[in-house]
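# Residue-level structure breakdown
Each chain, written out:
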Amino acid sequence: MRFNEKELVSLSRQPSEMAAELGMRGPKKGDVLKKRLVKLVVNFLFYFRTDEEEPIGALLLEQCRVEKEDSQTFSIVFLDEAERKYLFECDSEEQCGEWIDSIIKASYEFMRKNLIFYRTEIHRLTGKDPLEQYGISDETRFQVSNGLQLMPRDTSSL
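By the naming in an unreviewed UniProt entry, the protein chain goes by Pleckstrin homology domain-containing family J member 1 and is assigned to Sphaeramia orbicularis.

So, in structure tokens, the structure goes:
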């Protein structure tokens, strides 16, 4: 996927949902754990050298799996590149849980599943489609797949 570098740098400077110095190990063999400033902005995870203002990289948090490795460590693996694993080490188990939860909720797919779930519930309770007033009631991206209701708790894969 291509991105405009200036726009990404500008996005990295926006207020973040979360930010902290974490240990980070990249996906290459021989990569070692390094302290990085990690910022979650919308659905991007930016990482910086601790003494620099511009990011050295960014992960688009779509089509990925977030897994808890141990009490203070989690990983991000992209579904189309399962061999590439990014590892993050937190200061506490609580911090690790907060990062995992925030990263899962940052994806477009998570938000889409929630929209479908709540749309279905509102329709069931009121008999009206809440998106109809916005003229998007027939868009397939907001429809339930195969007639099955998607639950917002199904978030282990984004």
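In this section: unusual backbone geometry. Of note in this structure, V42 is not a glycine but carries a positive phi near 55°. Among the secondary structure elements, V42 is positioned in the loop between β2 (34-41) and β3 (44-49).

Here we come to helix α1 (residues 5-12). For α1, the full list of buried residues reads L8, V9 and S12. For α1, the angular spread of the buried residues around the axis is 100°, confining them to a single face. Turned more than 90 degrees away from the buried face of α1 sit K6 and E7, all of them exposed. Buried residues in α1 make contact with β2 and β3. Between the side-chain oxygen at the start of α1 and the backbone nitrogen of K6 there is a gap of 2.9 Å, and the oxygen is on N4.

Assignment of secondary structure puts R36 in strand β2. Summary of buried charges: R36 has no salt-bridge partner, and the nearest side chain of opposite charge, D51, is 6.9 Å away. Dropping the residues within four chain positions of it, R36 is found in contact with A20, E21, L22, M24, Y47, F48, R49, T50 and I56.

A few words on the confidence of the model for the protein chain. Mean pLDDT over the protein chain stands at 86; residues scoring 70 or higher make up 85%. Long-range and interchain partners of residues 145-157, a stretch whose pLDDT sits below 50, account for 22 contacts in this model, where long-range means more than four residues apart.

Our next topic: helix α2 (residues 93-105). Over its 13 residues, α2 runs 19 Å from end to end, which matches the ideal 18 Å to within 8%, given 1.5 Å per residue. Of the positions making up α2, those classed as buried are Q95, C96, W99, I100, I103 and I104. All buried residues of α2 project into a common sector of 165° when viewed along the axis, lining one side. For α2, the elements touching its buried residues are β1 (18-25), β2, β3, β5 (64-70), β6 (73-78) and α3 (108-126).

How each quantity is defined
Residues numbered from 1 in each chain as written. Predicted model: local features only at pLDDT ≥ 70, side-chain atom pairs only at ≥ 80, totals over all residues. Heavy atoms only, no water. Helix = DSSP H or I, 4+ residues; strand = E, 2+ residues; numbered from the N terminus. Buried < 20%, exposed > 50% of the residue type's maximum accessible area, 1.4 Å probe, protein only. Arc of directions from axis to C-beta. Contact = heavy atoms within 4.5 Å. Polar contact = N/O pair within 3.5 Å; in protein donor to acceptor, adjacent residues only side chain to side chain. Lys, Arg positive; Asp, Glu negative; His and termini not counted. Salt bridge = Lys/Arg side-chain N within 4 Å of Asp/Glu carboxyl O. pLDDT = per-residue confidence, 0-100. Expected span 1.5 Å × (residues − 1).

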